[in-house]
Amino acid sequence: MPPKNQTQRLDELLGGVTEELLLGNPQQFEDNSIRVERLLLEMVRPDPVQPRRVLPEQLHLAFHTNRLTPTKALRDLVQLVQVSARQRGRPFNNILELLPNPDDESDGEQENTLSPEEQLLHDLVNLAITIRDDGQVNPLTVVDVSQGVTQQFRIETGERRYWATWLLRDFIPGYTGDGMIPCIIISAERSSVFRQAKENTARAGLSAIAMARQAALLLMTVHDYEIPDTAVSTDFYRQALELDLRSKREYTAAILAAMGSINKTRLAQYKALLHLSDEAMELADRYGIDERKLRHVITLAQEYHTEVVRQIIDLNLTAKQVKELCEGDLHETADDEQDKIPAPALKIAKATQTTTSALPQDIARALIRQEGDANLARARLQAMRKLLTDTERYLVEE
């Protein structure tokens, strides 16, 4: 069989991306590879390599390696949120207590202090109640991955609706549904990572890390990498760091459009975030840290990534403050094989001789004058504290 030409290949990858898939009644299409049905929840599974994470990473991996059922995954999420909420002085026993109280003026203030897990559960409960009261307005888009007599469908778009429906069925009293969910069913050969990307980027809340995963999936797809149907580590997405569009120019416009009509520079900036360490990436994803902050973190050695990301979260640093922090001397280390001691190390060693004559309030004033911002001053102190702790370890070893 002769090889497909590039036009055919592009058509296959983009198949079904157009709006006509989601408009009108798909059952009226002459193409019988697309249909709408109500499916049992047990027959539907989320996509394990979906760039957008709904569950926290630990639960995501446990669920997709079959160590957790959907109900157990949600129960673990609820317990996780209960611990977080209790630590913040707002304990709850029933998830319906998370619904906003129109008579409580403090509800709006609390939303600004919610942890990522609390916000996730709040959103899922609200969505579940909307589905209960108004029905499932937007069906999921699923790919038929059935094998033999075993029917199975993989979610292409709509994972949050999937989890909200499970929450409604198993955790909200008074559920009277039939355990089924409406789905637009697409045959395996019509599935499209481009359509999934368009759906992701069209909706609010896609983090910079999710955008990095999305860029990786698109690049690997056009470079003919095999996309697995099982849970993957971060290293899977990092394969895209070696890929670009120079040899795949015919896909450039489609990829940039699927990523939200960004330009090539922005695509490269998102892809570069795959350089982050695993822990830093998970934190940045959970807290939705902006790419403009993270681009400075990846200039550091990986052992500093998590520390700086935590400072971004704890101190709410701006992109400018992160840039100044990362361009400091934190990541400069001395070469053990060199006899010459670097000048910054000599300055710090000299400063230790003045600790008895310097007052804390004077140091604080000096830091604020130097940095121009109290949050950045605190970040400098935290970085110094780590440096001194590491230095003390070397003194013990000596």
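Residues numbered from 1 in each chain as written. Predicted model: local features only at pLDDT ≥ 70, side-chain atom pairs only at ≥ 80, totals over all residues. Heavy atoms only, no water.

Asks: Explain the packing of helix α8 (residues 208-222) against helix α12 (residues 278-286) here, please?
Replies: Helix packing geometry: the angle between the two helix axes and the distance between the axes. Between α8 and α12, whose axes approach to 7 Å, the crossing angle comes to 115°. Between α8 and α12, the contacting residues are I209, A210 and R213 on the first element and M281, A284 and D285 on the second. Looking at the contact of α8 with α12 residue by residue, the classes come out as four nonpolar, no polar and two charged. (Axes fitted to C-alpha atoms, helices over the stretch in contact; angles between N-to-C directions. Helix = DSSP H or I, 4+ residues; strand = E, 2+ residues; numbered from the N terminus. Contact = heavy atoms within 4.5 Å. Nonpolar A, V, L, I, M, F, W, Y, C, P; charged D, E, K, R; others polar.)

Asks: Help me out: how do you make sense of the packing of helix α7 (residues 193-202) against α8 in this one?
Replies: In contact at an axis separation of 10 Å, α7 and α8 are set at 165° when each is read in the N-to-C sense. On the basis of their axis angle, the class for α7 and α8 is roughly antiparallel. As for how α7 packs across α8, the hand of that crossing is left-handed. Contact residues: α7 offers V193, F194, Q196, A197, N200 and T201, while α8 offers M211, Q214, L217, L218, T221 and V222. (Parallel < 35°, antiparallel > 145°, perpendicular 65-115°, else oblique. Left-handed = near helix turned anticlockwise from the far one by under 90°.)

Asks: Sorry if this is basic, but what is going on with helix α11 (residues 264-272) here?
Replies: All of the buried residues in α11 are R266, L267, Y270 and K271. The arc enclosing the buried residues of α11, seen along the axis, measures out at 140°, which places them on a common side. Its buried side turned inward, α11 meets α8, α10 (252-258) and α13 (291-297). By the N-cap criterion, in which a side-chain oxygen at the helix start approaches the backbone nitrogen of a residue two or three places on, α11 is capped by N263, the distance to T265 being 3.2 Å. (Buried < 20%, exposed > 50% of the residue type's maximum accessible area, 1.4 Å probe, protein only. Arc of directions from axis to C-beta. Polar contact = N/O pair within 3.5 Å; in protein donor to acceptor, adjacent residues only side chain to side chain.)

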